Structures are given as C-alpha cells and as structure tokens.
Amino acid sequence: SEAYRRAVADFDAVLQRNPGYAIAYNNRGLAQRGLGDAEDRARRDPRPRWEAAARDFGETVRRAPEMFGVYVNRADTHLRLAQLARRQGVDPREALRAAIADLDEALGRSPGLPDVVELRGSCALELGDAEESAGADPRGSWRRALDDFRAASRMPGGHRGVHLKTAEVALR
C-alpha cells in the first residue's frame, strides 16, 4: 500500500501543475482504489478511498468522456462500494445502478467485451438480490444478469465461469 500512497502523492503533484490532465485523474483513482482495497483487507474502512477513486474517475469522465476504460474503473469502484454497503446492512441499490449505468456506457463505446458484459451481469445479479432483500421485485435484474451471462459466454474470449453464474441465476 506504500506504493499506492506514493502514486497518489505523485498524481497530486501532476494535477497541481496540470489540473486538466484526465489520465492523471484516472490513474490517481486507480491508486485510491488500491488503497481502499488494502484498507478493506486490513479490516479498516475503505469507503473514503473508494469514494475518492469514484470522484477521480468522475473527473476523468468529465474531462475525457471518450476514455472507455474509465467507465469500467468507476463501475468496478461502485460495485466495491455496493458490496461494502451490503456488508454494513446499508441498501446497495444506488451504487449498483450507478455501476450498471457506467458499464452500459462502456459497452456502448466498445461493445463485445465479454469481461465487461460479465461484470454488468454480476452487478445486475447483486442488484436483484438487493431488490429482493428490500421487498422489491428482483426478476427484471435477474433476467438482465442471465442475459448478460449468456451473451458473455457466447462471445470470443468468454469465460466458462459464466456458465456457473448463468445456472445460478436460472435457479432463482
């Protein structure tokens, strides 16, 4: 985690000199997310770091919306925040919807990426679980998850693990 701390400091310095440098926001976001992951592994609160990462990814989107990868980075961070919220007994649906929206945007810019489709399916699956826990109808989210897992498994480079997720959704 020391390398991540140094990276955050380095990107802070870069952004002091060039506040419009979108890639530096994205890279600082990745370092912040890495620090949050380290906090989570150490059983400390990762939320401040993950929220800082999401803000940096948001700034990247604002400055360079054509950067496909930043949408996936932000979605992955929203998913971490949602999973943390769920562990803490907090409703994760808002973060999951934000993750799905970012993945929709990423796939709109670069369709046909099985890992991204699978990640969106995982987010939809978790959203369905959260909807069920909140007493809402989860079937639309679960249907979307099933569709994404099936689509990802048919794509070149798709993963066999998707079939297990497909079965898991189909059994609900």
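Residues numbered from 1 in each chain as written. Predicted model: local features only at pLDDT ≥ 70, side-chain atom pairs only at ≥ 80, totals over all residues. Heavy atoms only, no water.

**Q** Go over the side chain of D37 with me, naming the residues and quoting the values.
**A** One can find D37 in helix α2 (residues 22-41). On the accessibility criterion, D37 (17% relative accessible area) is buried. Residues within four places of D37 in sequence aside, it is in contact with W50 and R80. (Helix = DSSP H or I, 4+ residues; strand = E, 2+ residues; numbered from the N terminus. Buried < 20%, exposed > 50% of the residue type's maximum accessible area, 1.4 Å probe, protein only. Contact = heavy atoms within 4.5 Å.)

**Q** Residues and numbers for the environment of S110, please.
**A** Tracing the backbone through its elements, the reader meets S110 in the loop between α5 (93-109) and α6 (114-133). Spatially, the C-alpha atoms of S110 and R143 are 23 Å apart, while their sequence positions differ by 33 residues.

**Q** Lay out the side chain of R74 in plain terms, naming residues and giving numbers.
**A** Relative to the assigned elements, R74 resides in helix α4 (residues 68-87). For R74, a relative accessible area of 17% gives the class buried. For R74, the contacting residues outside a window of four places in its chain are A54, F57, G58, V61 and D102.

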